[in-house]
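One letter stands for each residue in the lines below.
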Amino acid sequence: MQEMTTDVIVVGAGPVGAMLAGELGRAGVRPLVLERRARPGTAQKASGLGGRILDVLRYRGLLDRLTAISADASPKPIFPFGGVYLDFTGLDELPLHAMAIPQAEVEELLAENAVDLGAQFRRGHEVVAVAQDDDAVVADVEGPDGPYRVRARYLVGCDGGRSRIRELAGIGFPGSTYPEVNRLAVVAVHESVTVLDDGGIVAPGVGRVEPGFTHTGTGVFALGRVSSEDRVMFFQTTENDDTEYDNDEPLSMVELGDSVRRVLGGEVALGAPTRLSRYQFQDRQAENYRVGRVFLAGDAAHLLPATGAAMNLGMTDSVNLAWKLAADIHGWAPADLLDTYHLERHFVGGRALLQTRAQAALRQGQDPAAQALRAVFGELLADEPALRRMGALVAGTDLRYPMPGTSSLTGTFAPDLILDTDQGTTTVAELMHAARPVFLDLADRADLREIVEKWIPVDIRSAGTVDRPADAILIRPDGHIAWAAAIDESSETATAELSAALTRWFGVQS
Ligand SMILES: Cc1cc2nc3c(=O)[nH]c(=O)nc-3n(C[C@H](O)[C@H](O)[C@H](O)COP(=O)(O)OP(=O)(O)OC[C@H]3O[C@@H](n4cnc5c(N)ncnc54)[C@H](O)[C@@H]3O)c2cc1C
């Protein structure tokens, strides 16, 4: 069988694989992306991107490109959370940002960016077997011109919830599938239906339906307005459905209409849909995100029981993993750097499961106790600190990776400081475009710069900033702070801690 070699095989060109390929390319590694579909997917999945990944994309200079193709990049102050809403309307700064953009467009842009950075995409190529030993991982591939084999240093399964790679690597995926069936439509309502100014509707045979969630004895009906100018609405039914339907067949308007009738007790006259999908939630997490030379990222590693957070979680997996793989390939990775991927991202996946399981508990149940839970939770959200905290939890911006270090900044995402340098004004976001480790000296600490100079991969930048959070910060390529010097921290303490952090994250000194 024909054989080729590469450094990293990425299996799957969904948002997570495409993001990983771009991050590897930025770090100087040219991955081979193998995607079994001959053409990019057109299935309507996520309709937006939100949370921490938007900051990461800005730190890579990609957010403006996404904003340019987004149909509506305006801030979204209201988010569904289980059966209630997080309403940030009264806050001066949103704790959770989101952008309306179809998943297919995100995937396309990320793939284009990755190709520009040196990644090779092979579409119509399916990985059918994987074997590994101490030196390499070998993938058997079925391509349009027949089978062939690829040998690589590492392979990353970004191949979705039914991951073949996870199965081939023998990684357990414990969890459950929720019984509730969701049917979602973006659809114009018929002229016999009155659309109210508040986004509610009045439909003959059903009466008035409020915007938001309507819990009935048979399920939940979610209603929202897609645009204030027309009669296109977002409809979703959620029911514990034991009616017969074929999961391999797409949702039809007849099936949707039947479900609406069961949940609302009457018919709503609808026009042509622009989107129809049926889905069930799963709640699963891979037992290990790494087995030897094989890694998992995205849906292959976790499935969440609520919408809105999966792309954020999966794409930030990629950002965490790419620089570590690149460091290993470039020869400067410390021995256990690759193990920190599972350590950090399994922990983050657990946080995402925590908040999405809470959403599942809130949306389930139509009895008085379940209604009381939603009412009490809604009351708590009237308090600004609680509301901000929930926003940060959903966005993943409250995360602090478990890392050694005494500073409260260690493990957090570096703030986007405005920096005055000898070359003019810049920002942390701009410094991170190159995805290299950065030592940011904010207090002219020659004693610290002298230490860092011995670590070749680290860029040293000196700058002034208003209200400096620390004397210096060491930022990993994924934007997380590896170490920070307290303001006016003694040279002895700071230099010892800095040397330890540099060794831990960026290997032995050159
Ligand atoms: C109806 C719906 C609505 C959603 N809404 C949201 C939302 O609002 N917000 C949100 O964040 N998420 C949402 N999601 C979830 C989101 O779509 C997924 O989290 C996301 O697609 C995961 O990306 P991924 O790259 O990990 O996997 P996928 O997108 O599944 O990509 C995996 C890729 O791997 C390829 N592949 C599989 N096996 C092989 C193989 N053996 N060899 C080669 N290639 C292979 C597949 O063809 C596929 O292209 C929604 C999903 C659905 C279905």
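Structure: above.
On a predicted model such as this, the values are computed, not experimentally measured, just so you know. (Residues numbered from 1 in each chain as written. Predicted model: local features only at pLDDT ≥ 70, side-chain atom pairs only at ≥ 80, totals over all residues. Heavy atoms only, no water.)

Enquirer: Before we move on, could you go through the nonpolar core and cite the residues and values that matter?
Expert: Among the nonpolar cores identified, the biggest contains 85 residues, and Leu 49, Leu 57, Phe 121, Val 156, Met 315, Leu 325 and Val 428 are the most heavily contacted of them. Among the elements that make up this core, the one with the highest residue count is helix α7 (residues 310-330) (eight residues). Both domains that furnish three or more residues to this core are identified here as domain 1 (3-74 + 96-173 + 286-362) and domain 3 (418-506). When residues no more than four places from it in sequence are discounted, the contact partners of Phe 121 are Ala 13, Ala 18, Ala 21, Val 33, Ala 111, Ala 114 and Val 115. Listed in part, the 29 residues of the second largest apolar core include Ala 352, Tyr 401, Leu 448 and Ala 494. (Core = buried A, V, L, I, M, F, W, Y, C linked by side-chain atoms within 4.5 Å. Buried < 20%, exposed > 50% of the residue type's maximum accessible area, 1.4 Å probe, protein only. Helix = DSSP H or I, 4+ residues; strand = E, 2+ residues; numbered from the N terminus. Domains from an automatic or database assignment. Contact = heavy atoms within 4.5 Å.)

Enquirer: Any chance you could break down empty space enclosed by the protein for me, citing the residues and the numbers?
Expert: For the structure shown, the criterion picks out two cavities of 30 Å³ or more. A volume near 260 Å³ is recorded for the largest cavity. Around the largest cavity, the lining is made up of 23 residues, and of these Thr 316, Arg 345, Val 348, Gly 396 and Leu 399 lie nearest the centre. Sorting the residues of the lining of the largest cavity by element identifies α2 (52-59), α7, α8 (339-363) and α10 (384-395) as the ones contributing at least two each. Its volume calculated, the second largest cavity comes out at about 50 Å³. Residue lining of the second largest cavity: Ala 18, Met 19, Gly 22, Glu 23, Arg 26, Arg 60, Leu 62, Leu 110 and Asn 113, and that is the complete set. Those elements that provide at least two residues to the lining of the second largest cavity are α1 (15-26) and α4 (103-116). Counting residues per element, the lining of the second largest cavity draws most heavily on α1, which supplies five residues. The residue inventory of the lining of the second largest cavity, partitioned by class, reads four nonpolar, two polar and three charged. (1 Å grid on protein atoms, 1.4 Å probe; cavity = no way out; pocket = protein on both sides within 12 Å on 5 of 7 lines; lining within 4 Å. Points joined across faces, edges and corners; volume = space filled by probe spheres on them. Nonpolar A, V, L, I, M, F, W, Y, C, P; charged D, E, K, R; others polar.)

Enquirer: Before we move on, could you go through the site of the ligand and cite the residues and values that matter?
Expert: Taken together, 28 residues surround the ligand, and among them Glu 35, Gln 103, Val 127, Asp 299 and Met 311 come closest. Residue Pro 15 places a main-chain N or O atom 3.4 Å away from an oxygen atom belonging to the ligand. Here a nitrogen atom of the ligand and a backbone polar atom of Gly 308 are 3.4 Å apart. The protein chains hide 88% of the 990 Å² of surface that the ligand would expose on its own. A per-class count over the shell around the ligand returns eleven nonpolar, nine polar and eight charged. (Near = heavy atom within 4 Å. Polar contact = N/O pair within 3.5 Å; in protein donor to acceptor, adjacent residues only side chain to side chain. Areas by Shrake-Rupley, 256 points an atom, 1.4 Å probe, with all protein chains shown as cover.)

Enquirer: Any chance you could break down the packing of aromatic side chains for me, citing the residues and the numbers?
Expert: Per the counting criterion, the structure on display carries twelve aromatic pairs. Ring centres of Phe 81 and Phe 377 lie 5.7 Å apart, and the angle between their planes is 0 degrees; this geometry places the pair in the stacked category. Taken together, the residues Phe 81 in strand β4 (residues 78-81) and Phe 377 in helix α9 (residues 368-380) connect sequence positions 296 residues apart. The pair Phe 81 / Phe 377 is uniform in exposure class, with both members buried. Put simply, the rings of Tyr 154, Tyr 289, Phe 295 and Tyr 341 pair up and form one aromatic cluster. Its end group placed over the ring of Phe 173, Arg 166 keeps NZ or CZ at 3.6 Å from the ring centre. Above the ring of Trp 505, the side-chain terminus of Arg 476 is found at 4.6 Å from the ring centroid. (Phe/Tyr/Trp six-rings, centres within 6.5 Å; stacked < 30°, edge-to-face > 60°. Lys NZ or Arg CZ within 6 Å of the ring centre and 35° of its normal.)

Enquirer: Describe the pattern of salt bridges, naming the residues involved and giving the relevant values.
Expert: Counted according to the given criterion, the structure contains 33 salt bridges. The partner of Asp 55 in a salt bridge is Arg 58, and the shortest N-O contact between them spans 3.6 Å. Of this pair, Asp 55 and Arg 58 both sit in helix α2, separated by three residues, roughly a single helical turn. According to the relative accessible area criterion, Asp 55 is buried, its value standing at 18%. For Arg 58, a relative accessible area of 31% corresponds to the partly exposed category. Between Asp 140 and Arg 149 there is a salt bridge; the shortest N-O distance is 2.7 Å. (Salt bridge = Lys/Arg side-chain N within 4 Å of Asp/Glu carboxyl O.)

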